[in-house]
Amino acid sequence: MNTGLISTRYATALLDYSIVSGQEKEVYGRMKTLSEVYLLVPQLRTALANTAISNKNKKQIIFTSIGGSVPSSLDKMIDLILKNERVEVILFIALRYIELYRERFGIQYGKLITAVPINKENEEKIISRISNIVGENLEIEPVVDPDLIGGFVLHLNDLRWDASVAGELTRFKNKIKRQEAENA
């Protein structure tokens, strides 16, 4: 089975249908929730893989895992996934939908890692400045990592900006090692 091809077909169809229905943003949010829950809750994976559980019950499990009621376009897609016995690739469909949505609407995804939680106002200021630099819409996930000591690290696609104290200390340590190696 070609998981990539199958998930791309389902995700593309869902994105196109949800756009026509005006539900693409809501479906996007639900697919992000589904992918997070699927990875964090092993019981969800077990339940969906269980052949003894009916499709009706699997559908209810999926609905519950993503917050109850879902847009009609996603409801129909879940019916199709269950009917065609593709529930084993539902995570890949969700992840591919997220990718396609971001591509279609020009959204760059990244993570802003800070040593301490930052308030919403400062987070928005940082995102706004970064958005002005890269010239695109951004979706930034805040992450807290006390090991940074201070400052921040920004991951945006394949780029990494390290303005953390820990990063500066590492660069300083490496510089000293290089100087010692040159002097030896």
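The structure we're discussing is the one just above.
Asks: Got a minute to help me understand the pattern of salt bridges in this structure?
Replies: A side chain with one charge may pair with a side chain of the opposite charge, provided their charged atoms come close. If you walk through the whole model with that rule in mind, you get 12 salt bridges. Note that R104 is salt-bridged to D16, the shortest N-O span being 2.9 Å. Taken together, the positions of R104 in helix α6 (residues 90-104) and D16 in helix α1 (residues 3-21) put the pair 88 residues apart, joining distant regions of the chain. Accessibility expressed as a relative area gives 45% for R104, which makes it partly exposed.

Asks: In this structure, what is going on with the nonpolar core? I would like to understand it.
Replies: Generally speaking, a soluble globular protein has its nonpolar side chains buried in company with each other. Grouped together as the largest cluster of nonpolar side chains are 32 residues, with contacts concentrated most on M31, L74 and Y97. Contributions of two or more residues to this core are made by α1, α2 (24-40), α3 (42-49), α4 (55-65), α5 (72-83) and α6. Take this core: its biggest share by element is eight residues, from α6. Discounting residues that sit within four places of it in the chain, Y97 has contacts with A11, L14, L15, S18, E24, V27, Y28 and M31. One finds L112, I140, L154 and L156 within the second-largest nonpolar core, a separate group that totals seven residues.

Asks: Help me understand the packing of aromatic side chains in this model?
Replies: For any pair of aromatic rings, the description rests on two quantities: the centre-to-centre distance and the angle between the ring planes. Counted according to the given criterion, the structure contains three aromatic pairs. An angle of 25° between the planes, with centres 6.3 Å apart, marks the rings of Y97 and Y101 as stacked. Of this pair, Y97 and Y101 both sit in helix α6, four residues apart, which is roughly one turn of that helix. Taking 4.7 Å as the distance between ring centres and 45° as the angle between the ring planes, the aromatic pair formed by Y101 and F105 counts as tilted. Classification of Y101 by relative accessible area gives buried; the value is 8%. Grouped by ring-pair contacts, the aromatic residues Y28, Y97, Y101 and F105 constitute a single cluster. One cation-aromatic arrangement involves R45 over Y38; the distance from NZ or CZ to the ring centre is 6.0 Å.

Asks: Whenever I open this one, α5 confuses me. Can you help?
Replies: If you check α5, its first and last C-alpha atoms are 16 Å apart, about what 12 residues at 1.5 Å a residue would give, namely 16 Å. Buried within α5 are the following residues: S73, L74, M77, I78, I81 and L82. Along the axis of α5, the buried residues cluster in a sector spanning 165°; they form a single face. α5 presents K76 and K83 as exposed residues on the side facing more than 90 degrees away from its buried surface. In this structure, the buried residues of α5 make contact with α1, α2, α4 and α6. Backbone geometry just downstream of α5 places E85 in the positive-phi region, at approximately 55°.

Asks: Can you walk me through the sheet that holds strand β3 (residues 151-156) in this structure?
Replies: The strand order across the open sheet formed by four strands is β2-β1-β3-β4, and the pairing between neighbours is mixed. Each edge of the open sheet carries a strand with a single partner, namely β2 (137-144) and β4 (159-164). In this sheet, neighbouring strand axes are inclined to one another by 15° on average, regardless of whether the strands run parallel or antiparallel. Where β3 meets β4, six bridges bridge the pair, whose relative direction is antiparallel. If you follow F152 over to β4, its bridge partner there is A163. Seen against the sheet, helix α7 (residues 120-134) touches β1 (107-114), β2, β3 and β4 and runs at an angle of roughly 140° to β2.

Conventions used here
Residues numbered from 1 in each chain as written. Predicted model: local features only at pLDDT ≥ 70, side-chain atom pairs only at ≥ 80, totals over all residues. Heavy atoms only, no water. Salt bridge = Lys/Arg side-chain N within 4 Å of Asp/Glu carboxyl O. Helix = DSSP H or I, 4+ residues; strand = E, 2+ residues; numbered from the N terminus. Buried < 20%, exposed > 50% of the residue type's maximum accessible area, 1.4 Å probe, protein only. Core = buried A, V, L, I, M, F, W, Y, C linked by side-chain atoms within 4.5 Å. Contact = heavy atoms within 4.5 Å. Phe/Tyr/Trp six-rings, centres within 6.5 Å; stacked < 30°, edge-to-face > 60°. Lys NZ or Arg CZ within 6 Å of the ring centre and 35° of its normal. Expected span 1.5 Å × (residues − 1). Arc of directions from axis to C-beta. Pairing = 2+ DSSP bridges. Axes fitted to C-alpha atoms, helices over the stretch in contact; angles between N-to-C directions.

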